[in-house]
Amino acid sequence: MPSILNRLRPYAMVAPALVVFSLFYLYPIGYMIHLSFHEWNFISPVKTYVGLNNYREMLADDTFLQVLRNSALYTVMTVLLATGTALPLAIWLNRKSAFHAFVQGAIFSPHIISLVSISLLWSWLMDPEYGLLNGLLHLFGISPLKWLNDPGTALVSLVIVAVWKSLGYNTLVFIAGLQSIPPELLEAAALDRSKPWTTFRRLILPMLSPTLFFLVIINLIGSFQVFETIAIMTQGGPINSTNTLVYYIYEYGFRFFKIGYASAAGVILLIIVGTLTLIYFRLLSRRVHYR
Amino acid sequence: MARIELIDVVKRFKGETVIPNLNLTIREGSFTVLVGPSGCGKSTTLRMIAGLERQTSGDIRIDGELVNDTEPGKRDVAMVFQNYALYPNMTVRGNIEFGLKNRGVPKRERERLIRDICEIAGLTPYLDKKPQSLSGGQRQRVALARAMVKNPKVFILDEPLSNLDAKLRGQMRTELIELHKRLGTTFVYVTHDQVEAMSMGDRIVVMNKGEVMQAAPPMVLYEDPDNLFTAQFIGTPPMNVLPASRLPGLRTEGEGHAEFVGFRPEHALLSPETAELTREGLVIAGQIATRESLGAEQVYKLRCEAGSFFVKSFLNPYVGGDFALAVVPFERLYFFDRDGNRLRRLRAVRPQLAAAGV
Ligand SMILES: Nc1ncnc2c1ncn2[C@@H]1O[C@H](COP(=O)(O)OP(=O)(O)O)[C@@H](O)[C@H]1O
Ligand SMILES: [Mg+2]
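As the structure is a prediction and not an experimental result, all values here were calculated from the model. (Residues numbered from 1 in each chain as written. Chains lettered and ligands numbered in written order. Predicted model: local features only at pLDDT ≥ 70, side-chain atom pairs only at ≥ 80, totals over all residues. Heavy atoms only, no water.)

*Asks:* I'm lost on the packing of aromatic side chains in this one. Help?
*Replies:* A ring pair, where both rings are aromatic, is described by two values, the distance of the centres and the angle of the planes. Taken as a whole, this structure holds 27 aromatic pairs over all chains when the rule is applied. Ring geometry for Phe21(A) versus Tyr25(A): centroids 5.6 Å apart, planes at 20°, classification stacked. Of the two residues, Phe21(A) and Tyr25(A) both sit in helix α1 (residues 2-35), four residues apart, roughly one turn of that helix. Judged by relative accessible area, Phe21(A) falls into the partly exposed class, the value being 41%. Plain terms: the ring middles of Phe155(B) and Phe187(B) are 4.9 Å apart, the flat faces sit at 40° to each other, and that makes the pair tilted. Placement of the pair is Phe155(B) in strand β7 (residues 154-158) and Phe187(B) in strand β8 (residues 186-191), with a sequence separation of 32 residues. Phe155(B) gets classed as buried once you look at its relative accessible area, which sits at 1%. An aromatic cluster is built from Trp40(A), Phe42(A), Phe227(A), Tyr247(A), Tyr250(A), Phe254(A) and Phe257(A), whose rings are joined through pairwise contacts. Its guanidinium or amino end placed over the ring of Tyr87(B), Arg146(B) lies 4.7 Å from that ring's centre, counting from NZ or CZ. (Phe/Tyr/Trp six-rings, centres within 6.5 Å; stacked < 30°, edge-to-face > 60°. Helix = DSSP H or I, 4+ residues; strand = E, 2+ residues; numbered from the N terminus. Buried < 20%, exposed > 50% of the residue type's maximum accessible area, 1.4 Å probe, protein only. Lys NZ or Arg CZ within 6 Å of the ring centre and 35° of its normal.)

In structure tokens, the structure reads:
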């Protein structure tokens, strides 16, 4: 008897976690995959099996292809800008002074503000007529932009908001990475007559690569799932120029009530994010541990 | 080869004075060891020589040239760090080559230098390995090779052996001494271990609280210490020190008033009875508290009225029971004043001179 109890104990311990995980993650994913082969309007008791029809229809939809393109473009721009600006900022902020600590805190604060507030704030900042940004442009004699109202600039405008929000977090992670580099290494490099740029390229950047990699993946996955800013600031417009995957799913599911179709798009998102996560863990286990 | 001079060097860290005023000349071609307790400013001194830390005031000269404003890479100084500080993302070859590349040494020349140095250091089989896959001793050799290949004027080494196990440490000690002989370059070596200092240096600088207590060859430090600190820092066990006022048999003549009397444990002789020994030296009666036999030598700890002290003997173990008389020849006594400074002009008076008067 005690031996059986002993064997059951670990399962009993993890049971709550397993229940939660199954109920709120596994089951919905399974149900979504199931729904993607059906046609259903959310209300009717009948779910009609349609096989791969939803997928076929989706891949033939020009809007969906544009949505995929938008998502990819948004993600690439966000990731490049977010990591590309955070790294120099981290190098600059990696000092102990009250001023640097203040700047660090200041750029981190957007990270803890709700996305809804941020969206409203930036909608106002980017307002073509009364917005602060156009006022600034005017000061420098640049003609005003239409920001969110122009298909040419709307997606970039959303990228700016995303970069602004994630900058503090990314910078903080980079600073942590920089601080994990033993100072003697940089001193050894100085004694080796290494110029600052050489030290950065040959020593700091390679030592920082696990951090960089972590941030790229985290931002990649996050960007693919962008929703709040789009829902509040552009509703996917103008003319679908900011319509991305999650917003597309939301529209089909909760505005057009084509649950089966939305589920099929959800499966596509699952595949993309799943693949990225898999790559992350695969490379994570192989990444070099510098000590 | 270069001489290093530190002139009136002061170092403060945010108001905390670590080095109040340092004047030190490190002779060219010498193997100079800075030794002292942890936190006494040895590393700080080294780092100022290397240019990794700037002195608050004062001058540093290398080879006569003022280097106050010379950046580390331009001082022609190579440093071996305690934790080696090898570049973890580069192979052994990359680590050694990095400094050469930055100096603009052409590829052919670089390859020849690396080949030669790795031959000497026994690193040839590991050229394409990363430091993480090497043992402590091998990493140490890479760090040395990386320093040597630059053919610097000065080598500075900050506790380079403290991360190695005892056996390897002994081996590397010998290798470093040989290396210094072969290269003839100035070595500045930091350690907190006086045994290491005594066995390696041809000149030892004893430091305490940022000040030089004494700078001299090892045997001079041992035989002729300037002060109590040096006397008690060098030697195992260290020099015995007893308050002069508690030693009734002692009379002195000459300049100064002896506050403390010191003698080396190996200069005292144990004897069961007084005999005529009183005429030869100072006699201290004591109880043997502990005995430690190290094979060739015996170390006794004695307790007497004036305090406790050690006696080291290379003779057969003492058999006279727990009571013993320790006899220290008069010429082996050291006298120190209240501040711990050596009183060189003070001598012990032999009792027979006094007895002649009776
Ligand atoms: N960068 C620094 N900032 C503040 N204090 C320091 C710094 N480096 C060293 N110190 C202080 O200077 C003293 C001497 O340090 P160090 O030269 O490393 O001693 P040692 O190498 O002899 O053990 C210590 O009290 C240490 O706390
Ligand atoms: Mg030190």
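Once you've had a look at it, read on.
*Asks:* What's the story with the UniProt feature "domain: ABC transporter" (unreviewed entry) in chain B in this structure? I'm lost.
*Replies:* What UniProt calls "domain: ABC transporter" (unreviewed entry) maps, in this numbering, to residues 4-234 of chain B. Taken as a whole, residues 4-234 of chain B contains 37% helix and 26% strand, while its terminal C-alpha atoms sit 25 Å from one another. (UniProt positions renumbered as here; feature names shortened; annotations may be inferred.)

*Asks:* Looking at this model, I keep getting lost on the site of ligand 1. Mind explaining?
*Replies:* Residue and element names in this part refer to chain B. Every residue lining ligand 1 is accounted for by Phe-13, Val-18, Ser-38, Gly-39, Cys-40, Gly-41, Lys-42, Ser-43 and Thr-44. In this structure, an oxygen atom belonging to ligand 1 sits 3.1 Å away from a main-chain N or O atom of Gly-41. Calculation on ligand 1 without its partners gives an accessible area of 560 Å², and the protein chains cover 61% of this total. The element best represented in the shell around ligand 1 is helix α1 (residues 42-50), accounting for three residues. Considered class by class, the residues forming the shell around ligand 1 number three nonpolar, five polar and one charged. (Near = heavy atom within 4 Å. Polar contact = N/O pair within 3.5 Å; in protein donor to acceptor, adjacent residues only side chain to side chain. Areas by Shrake-Rupley, 256 points an atom, 1.4 Å probe, with all protein chains shown as cover. Nonpolar A, V, L, I, M, F, W, Y, C, P; charged D, E, K, R; others polar.)

*Asks:* Would you explain the environment of Thr83(A) in this entry?
*Replies:* All names here are of chain A. The topology assignment puts Thr-83 in helix α3 (residues 62-93). Residue class for Thr-83 comes out buried when judged on its relative accessible area of 9%. Along the backbone, Thr-83 and Val-163 are 80 residues apart, and their C-alpha atoms lie at a distance of 8.8 Å.

*Asks:* I would appreciate a short explanation of the interface of chain A and chain B in the present structure.
*Replies:* Each partner contributes residues to the interface: chain A has 19 residues there, and chain B has 25 residues. Between chain A and chain B lies a buried interface of about 2,100 Å² when both sides are counted; carbon and sulfur atoms form 57% of it. For the chain A face of the interface with chain B, the top three residues by lost area are Leu191(A), Asp192(A) and Arg193(A), together amounting to 39%. Where chain A meets chain B, there are two salt bridges. Taken together, the links from chain A to chain B amount to 11 residue pairs in polar contact (both at pLDDT 80 or more). Listing elements by their share of the side of chain A that touches chain B, those giving two or more residues are α8 (183-191) and α9 (196-224) of chain A. (Contact = heavy atoms within 4.5 Å. Buried area = accessible area lost by both parts, 1.4 Å probe. Salt bridge = Lys/Arg side-chain N within 4 Å of Asp/Glu carboxyl O.)

*Asks:* Could you clarify how one ought to interpret the sheet that holds β8(B) in this entry?
*Replies:* For sheets, the rule is that strands pair by backbone hydrogen bonds, running either parallel or antiparallel. All names here are of chain B. Taken in spatial order, the six strands of this open sheet run β6-β7-β8-β3-β9-β10, and their pairing is mixed. Each edge of the open sheet is held by one strand with a lone partner, namely β6 (77-80) and β10 (211-216). Each strand axis lies, on average, 20° off the axis of its neighbour in the sheet, ignoring direction. In this structure, strand β9 (residues 203-208) lies alongside β10, joined through five bridges in antiparallel fashion. Bridge pairing links Asn-208 to Glu-211 in β10. α1 rests against β3 (31-35), β6, β7, β8 and β9 of the sheet, and its axis sits at about 150° to β7. In the packing of helix α5 (residues 166-183) onto the sheet, contacts are made with β3, β7 and β8, and the angle to β8 comes to roughly 160°. (Pairing = 2+ DSSP bridges. Axes fitted to C-alpha atoms, helices over the stretch in contact; angles between N-to-C directions.)

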